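Each chain, written out:
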Amino acid sequence: MDRPDVLLVVNPTATTTRPELRDLIIAALDGTARLDVRSTRGRGHATELAHTAVDDGRDAVVVLGGDGTANEVVQALAHSPVALGLVPGGGANVLARALGLPGDPVAATSRLLRALRTDGRRRIGLGRADDRLFAFNAGIGFDAAVVARVERDPARKQLLRQLAFVTSAVSEWSTQRGRHGELRVQLPDGTERQADVALVANTSPYTFLGDRALVAHPGASFDLGLDVLTVEDATLPRLAVVVAGALAGGRHVRLGGVHHDHDLASLRIEAADGRSALPVHVDGDPLRPRRSLTLTSLPDALDVLV
C-alpha cells in the first residue's frame, strides 16, 4: 500500500496494554500510515468504530488489545475490503498467535508495518454462532461457564492471565459435579452425540496455556470448516487427561468417550433437557445464555494483515 489509511482501535483496559506501549506503537504506525487513533469506551464500542472505518473506506483497522476487542472489530470487517491488523495487548492473544504473528507487541508491530507497506494479506474463514461471528473458538455449556467465571473477576484475570482459566475450570467442574450429558450435539450428517463438554474451533490451537499450544482440534484451520470436540463423562481426571493430550499435540482424540469431528459446514448444540439456558461464549467473550446454539462456517470471510 502507498501510505494506507488506518484506524487504530486501542482497548486501554486490556490485560497487557500500557500507555508507554501504546505511544510507541502509535509513533511507529504514524510513520507508515495515515493514522486515526480511537480508544474504546465500553462493550460494543470497537464494533461501532470499525463500522465507521468500513463506511469511510479505510484500508485497515488495527487492534491494540485482546481477543475480545478483536472479536468486536471482526463483526464489522467481515465480508468487507478492510483488513484486520493485530497488535497483541491481551492476556492470551489467541487469534494473533494462531495466525503465526509474534506474541510480543513490539515484534508484532514490526511485522504489521511490513504488511502495511506490502499489502500483505491473508483471507481466512470465520465461524458464526447464531448471529455472532467468531474467529477461533466458540462454545456453550462448561467452557462458556469457565469464561464467564473468569470475566466476573477482572482483577484476578489481570493477575493470573491464562492461569485464571485453569483455576476457574476446576472451580466450575466442582460446581457442575454430577450434571452429566447436559449437551446434545447434532452434526450435518444426522449424527447426534450426548456430551458433557463440546468445544468448537475455527482453527488450531484452541487456546494457549502460557507458551504451550492447546491443540484440542488437530487439523483445524482457518481455511476449512468448523471442528467440534465432545467429551462424555467429563470427570476431573478425564478432563485432565484430555488437556494433557491436547498439550501434547492432540493425542486425546484417541481416548474412549472423546470424539473429534473435522471440517464441518455447520452443527447445532443444545441443552439435552431442551429447557435449560446455558452460558455461551465466542472467542472467549461471554454472550447471553440460551438453550441452543447453531454454528456455521463462513469461508473466505475476512482479510487479515500478516
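Only a predicted model underlies this, so the values are computations on that prediction, with no experimental measurement involved. (Residues numbered from 1 in each chain as written. Predicted model: local features only at pLDDT ≥ 70, side-chain atom pairs only at ≥ 80, totals over all residues. Heavy atoms only, no water.)

(A) The packing of helix 1 (residues 19-30) against helix 5 (residues 105-118), seen in detail. Where helix 1 meets helix 5, the axes come as close as 10 Å, and the angle between the chain directions of the two elements is 20 degrees. The pairing of helix 1 with helix 5 is recorded here as roughly parallel in orientation. In the packing of helix 1 onto helix 5, the handedness of the crossing is right-handed. Across from L21, L24, I25, A28 and L29 in helix 1, the residues of helix 5 making contact are P105, V106, T109, L112, L113 and L116. Its residues placed into classes, the contact of helix 1 with helix 5 shows 10 nonpolar, one polar and no charged. (Axes fitted to C-alpha atoms, helices over the stretch in contact; angles between N-to-C directions. Helix = DSSP H or I, 4+ residues; strand = E, 2+ residues; numbered from the N terminus. Parallel < 35°, antiparallel > 145°, perpendicular 65-115°, else oblique. Left-handed = near helix turned anticlockwise from the far one by under 90°. Contact = heavy atoms within 4.5 Å. Nonpolar A, V, L, I, M, F, W, Y, C, P; charged D, E, K, R; others polar.)

(B) Layout of the sheet that holds strand 13 (residues 226-231). Strand order across the open sheet formed by six strands is 14-13-10-7-16-17, with antiparallel pairing between neighbours. Across the chains shown, the open sheet's two edge strands, defined by having one partner strand only, are strand 14 (258-264) and strand 17 (285-290). Shown here is a sheet whose adjacent strand axes are inclined to one another by a mean of 20 degrees, direction ignored. With three bridges joining them, strand 7 (residues 137-140) and strand 10 (residues 197-201) adopt antiparallel strand pairing. (Pairing = 2+ DSSP bridges.)

(C) Here's a closer look at the pattern of salt bridges. Going through the model one piece at a time under the given rule, you end up with 15 salt bridges. Residue R58 pairs with D5 through a salt bridge whose shortest N-O separation is 2.7 Å. Pair noted here: R58 is in the loop between helix 2 (45-55) and strand 3 (60-65) and D5 is in strand 1 (residues 5-10), with a separation of 53 residues, a long-range link. In terms of burial, R58 and D5 fall into one category: buried. Residue D303 is joined to R123 by a salt bridge in which the shortest nitrogen-to-oxygen separation is 3.3 Å. Of this pair, D303 sits in strand 18 (residues 292-305) while R123 sits in strand 5 (residues 121-129), placing them 180 residues apart in sequence. One salt-bridge network, in which partners are shared between bridges, spans D5, D36, R38 and R58. (Salt bridge = Lys/Arg side-chain N within 4 Å of Asp/Glu carboxyl O. Buried < 20%, exposed > 50% of the residue type's maximum accessible area, 1.4 Å probe, protein only.)

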